[in-house]
Amino acid sequence: MDFNVKKLASGAGVFFTRAVQFTEEKLGQAEKTELDPHLENLITRADCTKNWTEKMLRQTEVLLQPNPIDHTGARIEEFIYDKLDKKLPSRTTNPELLGQYMLEAAQDFGPETPYGSTLITVGEYQKRLGGAERELLQTSAAGFLTPLRSFLEGDWRTISKERRLLENRRLDLDICKARLKKAKLAEAKAALLSEEVDKAEHELRVAQTEFDRQAEVTRLLLEGIGSTHLNHLRCLQDFAEAQATYYAQCHHYMQDLQRELNKCANAISAPHPPAAVCPDPVSSAFLSGPPSPGAPVSSQSSPRPSTLAMEQTQLPVTGTRKAKVLYDYDAHDVSELSLLADELITVYTVPGMDPDWLIGERGNQKGKVPVTYLELLS
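Described in the following lines is the structure provided in the data block.

Remarks on helix 2 (residues 37-64)
Look at helix 2: 40 Å from first C-alpha to last across 28 residues, which is about the 40 Å you get at 1.5 Å a residue. Along helix 2, the residues that are buried comprise Leu-39, Leu-42, Ile-43, Ala-46, Thr-49, Thr-53, Leu-57, Thr-60 and Leu-64.

Concerning the environment of Gln-365
With respect to the helices, strands and loops of the structure, Gln-365 is situated in strand 4 (residues 365-370). Note: C-alpha distance between Gln-365 and Ser-338 (27 residues apart in sequence) is 9.6 Å. Among residues more than four places away in sequence, those in contact with Gln-365 are Leu-337 and Gly-360. A polar atom in the side chain of Gln-365 sits 2.4 Å from the side chain of Arg-362.

Some thoughts on the pattern of salt bridges
The tally for this structure, following the rule as stated, stands at 15 salt bridges. A salt bridge links Arg-149 to Glu-61; the shortest N-O distance between them is 2.6 Å. With Arg-149 in helix 5 (residues 114-188) and Glu-61 in helix 2, this residue pair connects regions lying 88 residues apart in the sequence. Using a relative accessible area of 27% as the deciding quantity, one classes Arg-149 as partly exposed. Its salt-bridge partner being Arg-362, residue Glu-343 comes within 2.9 Å of it at the nearest N-O pair. Remark: Arg-362 occurs in strand 3 (residues 357-362) and Glu-343 occurs in the loop between strand 1 (321-325) and strand 2 (344-348); sequence separation between them is 19 residues. Overall, Glu-343 belongs to the buried group, its relative accessible area being 15%.

Observations regarding the packing of aromatic side chains
Applying the stated rule across the entire model yields seven aromatic pairs. Both rings, one in Tyr-327 and one in Tyr-373, keep their centres 5.7 Å apart while their planes meet at 90°; by these two values the pair is edge-to-face. With a gap of 46 residues between them, Tyr-327 in the loop between strand 1 and strand 2 and Tyr-373 in the loop between strand 4 and strand 5 (374-376) connect regions that are remote in the sequence. For Tyr-373, a relative accessible area of 6% corresponds to the buried category. With a centroid separation of 5.2 Å and 65° between ring planes, the pair formed by Tyr-329 and Tyr-373 is classed as edge-to-face. Residue Tyr-329 is found in the loop between strand 1 and strand 2, and its partner Tyr-373 is found in the loop between strand 4 and strand 5; the two are separated by 44 residues along the sequence.

Side note on the packing of helix 2 against helix 6 (residues 194-223)
Packing of helix 2 against helix 6 leaves a shortest axis separation of 10 Å and a crossing angle of 45°. In terms of axis orientation, helix 2 runs oblique to helix 6. Along this stretch, helix 2 crosses helix 6, giving a crossing that reads as left-handed. Residues His-38, Leu-39, Leu-42, Ile-43 and Ala-46 of helix 2 form the contact with helix 6, whose participating residues are Ala-215, Arg-219, Leu-222 and Glu-223. Partitioned by chemical class, the residues of the contact of helix 2 with helix 6 number six nonpolar, one polar and two charged.

What counts, and where the lines are drawn
- Residues numbered from 1 in each chain as written.
- Predicted model: local features only at pLDDT ≥ 70, side-chain atom pairs only at ≥ 80, totals over all residues.
- Heavy atoms only, no water.
- Helix = DSSP H or I, 4+ residues; strand = E, 2+ residues; numbered from the N terminus.
- Expected span 1.5 Å × (residues − 1).
- Buried < 20%, exposed > 50% of the residue type's maximum accessible area, 1.4 Å probe, protein only.
- Contact = heavy atoms within 4.5 Å.
- Polar contact = N/O pair within 3.5 Å; in protein donor to acceptor, adjacent residues only side chain to side chain.
- Salt bridge = Lys/Arg side-chain N within 4 Å of Asp/Glu carboxyl O.
- Phe/Tyr/Trp six-rings, centres within 6.5 Å; stacked < 30°, edge-to-face > 60°.
- Axes fitted to C-alpha atoms, helices over the stretch in contact; angles between N-to-C directions.
- Parallel < 35°, antiparallel > 145°, perpendicular 65-115°, else oblique.
- Left-handed = near helix turned anticlockwise from the far one by under 90°.
- Nonpolar A, V, L, I, M, F, W, Y, C, P; charged D, E, K, R; others polar.

Shape descriptors only; they carry no functional weight alone.
Dropping the structure here:
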């Protein structure tokens, strides 16, 4: 017990001495050992990295999840799973929830009514948008947010610990320097014996050795910030690619939704009563293919392939070029061409064509392809 009390008292004395020394340095009343300029630059760079990483992490979380505190208790759930070191289950996104509400409302209003059938159409696409958003959240969390958070909670804590230790070693060194200076002044006045000066010099050598060793450890850790930047650079590229994929999917879904709504509007305004019901969104938007022999073809969809064929055969093209396919694409009707990622196709446009689409050719196959799925080559 006495030993613990003595140890506590000794530690408190050292802390008080360092605090006094630090205060005197701030007031300019004591000398301060300056760090190596290279080490000072590394410390400045590390502080800058830490501050901007924190800001980017917080803002990316806001971007991906603008309102985390909602009726589902999302933030509390994330905190609990993080403390239990378990994977957070997939959560329904807002577009998916909106789509589900629309589908349920359509059942109450009547799926066969114009309003009900349109709710089904929009609801299906809202759920697809929500699925794309969930994939973006998962990809960004794993590929971008997690590395940034790991740096702040892992590497930066280690760096901060060693920097605090370096600061303590520097204060100890300056205390030893001041003590030796006083001892030499006292020796000159014959107030102290020479062994007191020898003791002070020995303490100074020990403090200098510990300071140099700690400075080297801190320098090695700080130089690792360069590797951190390279790692975060790769993560940033992955994050941008995930965003590009997400926005391309959203653009594609919204184009399909607009086509479906135009069909609904044309069907409602048509004079024939049987055409007052909108087409089924799943079959027309994602599951449609070449009609089977003998199958009836609707009056709204049949003019599109014939019109496209007429444009391809009669209107002059504006120039062909090669294009690389960025993502897989499934044709929604016979006027479009299915694509496979990384394949090369020939593309061109025709006068009066929608600028978001091109005519693509692969061997004997030909059809419309979305521009957002292509990388045009020179």
